[in-house]
Amino acid sequence: MPGPLMIDIAGLELSADDREVLAHPLVGGVILFSRNYADAGQLRALTQAIHAIKTPPLLIAVDQEGGRVQRFRDGFTTLPPLRLFGECYRHDRRAACNLAETAGWLMAMEIGAVGVDFSFAPVVDLDTGVSAVIGDRAFHPEPDAVVELAHAWIAGVRRAGQVAVAKHFPGHGSVAPDTHAQIVTDERSRKDIARDIEPFRRLIAFDVAAMMMAHVIYPAVDDQPASLSRRWIRDELRGRLGFRGAVFCDDLHMRGVAALGEVEAIARQGLAAGCDMLPVCNDRPSVIRLLEHAHAYDNPASRLRLARLHGRPVEVELHRSDAWQHARTMIGGLLDSAQEQLNL
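Overview of the structure. (Residues numbered from 1 in each chain as written. Predicted model: local features only at pLDDT ≥ 70, side-chain atom pairs only at ≥ 80, totals over all residues. Heavy atoms only, no water.)

## Topic: helix α10 (residues 284-293)
Thought 1: Here α10 has its buried residues at Arg284, Ser286, Val287, Leu290 and Leu291. Each buried residue of α10 sits inside an arc of 160° when the element is viewed along its axis, so together they form one side. In α10, the exposed positions that point more than 90 degrees away from the buried face belong to Pro285 and Glu292.
Thought 2: Each element contacted by the buried residues of α10 is listed here: β1 (5-7), α1 (16-22), β2 (27-32), α9 (263-273) and β10 (278-280). (Buried < 20%, exposed > 50% of the residue type's maximum accessible area, 1.4 Å probe, protein only. Helix = DSSP H or I, 4+ residues; strand = E, 2+ residues; numbered from the N terminus. Arc of directions from axis to C-beta. Contact = heavy atoms within 4.5 Å.)

## Details of the packing of helix α5 (residues 143-159) against helix α6 (residues 190-205)
Thought 1: It is at 9 Å that the axes of α5 and α6 come closest, and there the two elements cross at 35°. Every pair of crossing elements has a handedness; the one defined by α5 and α6 is right-handed. Facing α5, whose interface residues are Pro143, Asp144, Val146, Val147, Ala150, His151 and Ile154, α6 presents Arg195, Glu198, Pro199, Arg202 and Leu203. (Axes fitted to C-alpha atoms, helices over the stretch in contact; angles between N-to-C directions. Left-handed = near helix turned anticlockwise from the far one by under 90°.)

## Looking at the layout of surface pockets
Thought 1: Approximately 410 Å³ is the volume found for the largest pocket.
Thought 2: Looking at the largest pocket, it is lined by 24 residues, and the ones nearest its centre are Asp63, Arg71, His180, Asp250 and Met254. (1 Å grid on protein atoms, 1.4 Å probe; cavity = no way out; pocket = protein on both sides within 12 Å on 5 of 7 lines; lining within 4 Å. Points joined across faces, edges and corners; volume = space filled by probe spheres on them.)

## A closer look at empty space enclosed by the protein
Thought 1: Inspection of every chain in the model, using the stated rule, returns one cavity of 30 Å³ or more.
Thought 2: A volume near 30 Å³ is recorded for the largest cavity.
Thought 3: In this structure, the largest cavity is lined by Glu65, Leu79, Pro80, Leu82, Phe85, Ala103, Gly104, Met107 and Trp153.
Thought 4: Listed by contribution, the elements that provide at least two residues to the lining of the largest cavity are α3 (82-91) and α4 (93-112).

## Quick word on the pattern of salt bridges
Thought 1: One pass over the full model with this rule turns up 24 salt bridges.
Thought 2: For Arg201, the salt bridge goes to Glu198, with nearest N and O atoms at 2.6 Å. On the criterion of helical spacing, the pair formed by Arg201 and Glu198 is a turn pair, its members being three residues apart in helix α6.
Thought 3: The exposure class of Arg201 is partly exposed, given its relative accessible area of 39%. (Salt bridge = Lys/Arg side-chain N within 4 Å of Asp/Glu carboxyl O.)

## Brief notes about the sheet that holds strand β6 (residues 118-119)
Thought 1: Spatially, the five strands line up as an open sheet ordered β6-β3-β2-β1-β10, and their pairing is parallel. The two strands at the open ends of the sheet, each matched to only one other strand, are β6 and β10.
Thought 2: Summarising the sheet, strand β3 (residues 59-62) and β6 pair through two bridges and their orientation is parallel. Bridge pairing in β6 links Val62 to Ser119.
Thought 3: Of the strands in this sheet, β2 and β3 touch helix α2 (residues 40-51), which is tilted by about 170° from β2. (Pairing = 2+ DSSP bridges.)

## Focus: the packing of aromatic side chains
Thought 1: Here the structure, examined in full by the defined rule, presents 10 aromatic pairs.
Thought 2: Ring plane angle 45° and centroid distance 5.3 Å describe the contact between Tyr37 and Phe72, whose orientation is recorded as tilted. Within this pair, whereas Tyr37 is found in the loop between β2 and α2, its partner Phe72 is found in the loop between β5 (69-70) and α3, the two being separated by 35 residues in sequence. The two residues Tyr37 and Phe72 agree in class, both being buried.
Thought 3: Between the aromatic rings of Phe118 and Phe248, the centroid separation amounts to 5.8 Å while the plane-to-plane angle is 55°, which identifies the pairing as tilted. Linking Phe118 in strand β6 with Phe248 in strand β9 (residues 246-248), this pair joins segments that are 130 residues apart in sequence. Accessibility assignment for this pair places Phe118 and Phe248 in one class, buried.
Thought 4: An aromatic cluster of three or more residues is present, and its members are Phe169, Phe200, Tyr218 and Trp232.
Thought 5: The aromatic ring of Phe206 is capped on one face by Arg158, whose charged end is 4.2 Å from the ring centroid. (Phe/Tyr/Trp six-rings, centres within 6.5 Å; stacked < 30°, edge-to-face > 60°. Lys NZ or Arg CZ within 6 Å of the ring centre and 35° of its normal.)

## So, the side chain of Gln64
Thought 1: Relative to the assigned elements, Gln64 resides in strand β4 (residues 64-66).
Thought 2: Aside from chain neighbours lying at most four places away, what touches Gln64 is Val69, Gln70, Arg71, Phe72, Phe76, Leu79, Met107, Ile111 and Ser119.

## Concerning the sheet that holds β9
Thought 1: Spatially, the three strands line up as an open sheet ordered β7-β8-β9, and their pairing is parallel. Every other strand in the sheet has two partners, leaving β7 (165-169) and β9 as the edge strands with one partner each. Each strand of the sheet is rotated relative to its neighbour by a mean of 25°, with strand direction disregarded.
Thought 2: Where strand β8 (residues 210-213) meets β9, three bridges bridge the pair, whose relative direction is parallel.

Shown next as structure tokens:
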């Protein structure tokens, strides 16, 4: 059964140490980075090796948003930053949504073809112009536009047989500091924060499969980061908003929570708050500490939510598919148009 930890690996193939750690009952997933990718054949062999370690297989994830956050590049379609769909939306809503749906399908088909279960995407934070770390990763400043574009993007992902992970609840777009580097606080009132929550609320009605929490502290609601907050996860997200999907913490190695205490205590707090899975990236010593000192963990409801995230195998030869060629042409045209505008 899937455990609550998602961890990373160092190289292009599994080491003996990787195999031992991944076989631990508390490990339920692997997140891949650019360092884990050389070519499609190598990546497919790696994901097959990871999936073979236990039954049911470990979940395999990646950050394949597009723009500056795209881990697999050479041999994969270059995906636009989400802001580009928002810029298109200002001129032609229908065309923008069609392009977003195509991009979601294309991304999911390409990672599915190499054995990756899902991407941590889309970002549904608001593009307020405040946060550099979010910036062009977000669709649009207006919640209505974000909902329409994200809805289309998620529909494309579903058509490819995968699930989407909306992030970063309850909204990371209105704070300037970066939670990778420091503890971040959003001092706005609950009424102001409600505008950032709106895309998440409406995507719940569309049955989005999973969400990732923000490491931001919102004192109007709780003095703990949302990713570790029972008030945000159990009371707000699951209680008031009625979300029934999987909840991911953001990476426990990030300074937004790592600076708050020992990793064991932070992990316990995240699980108690209601997170289903805790990514711990680029910090194998902390992973080992968690595995050595953590108590047995069994949450049947959480296991069921995570089990629903496995991607459907891609059974077509993708690069010979007319649908893939057409999708690449559409997305390439959007990128070419954006480049032309920059050159004017």
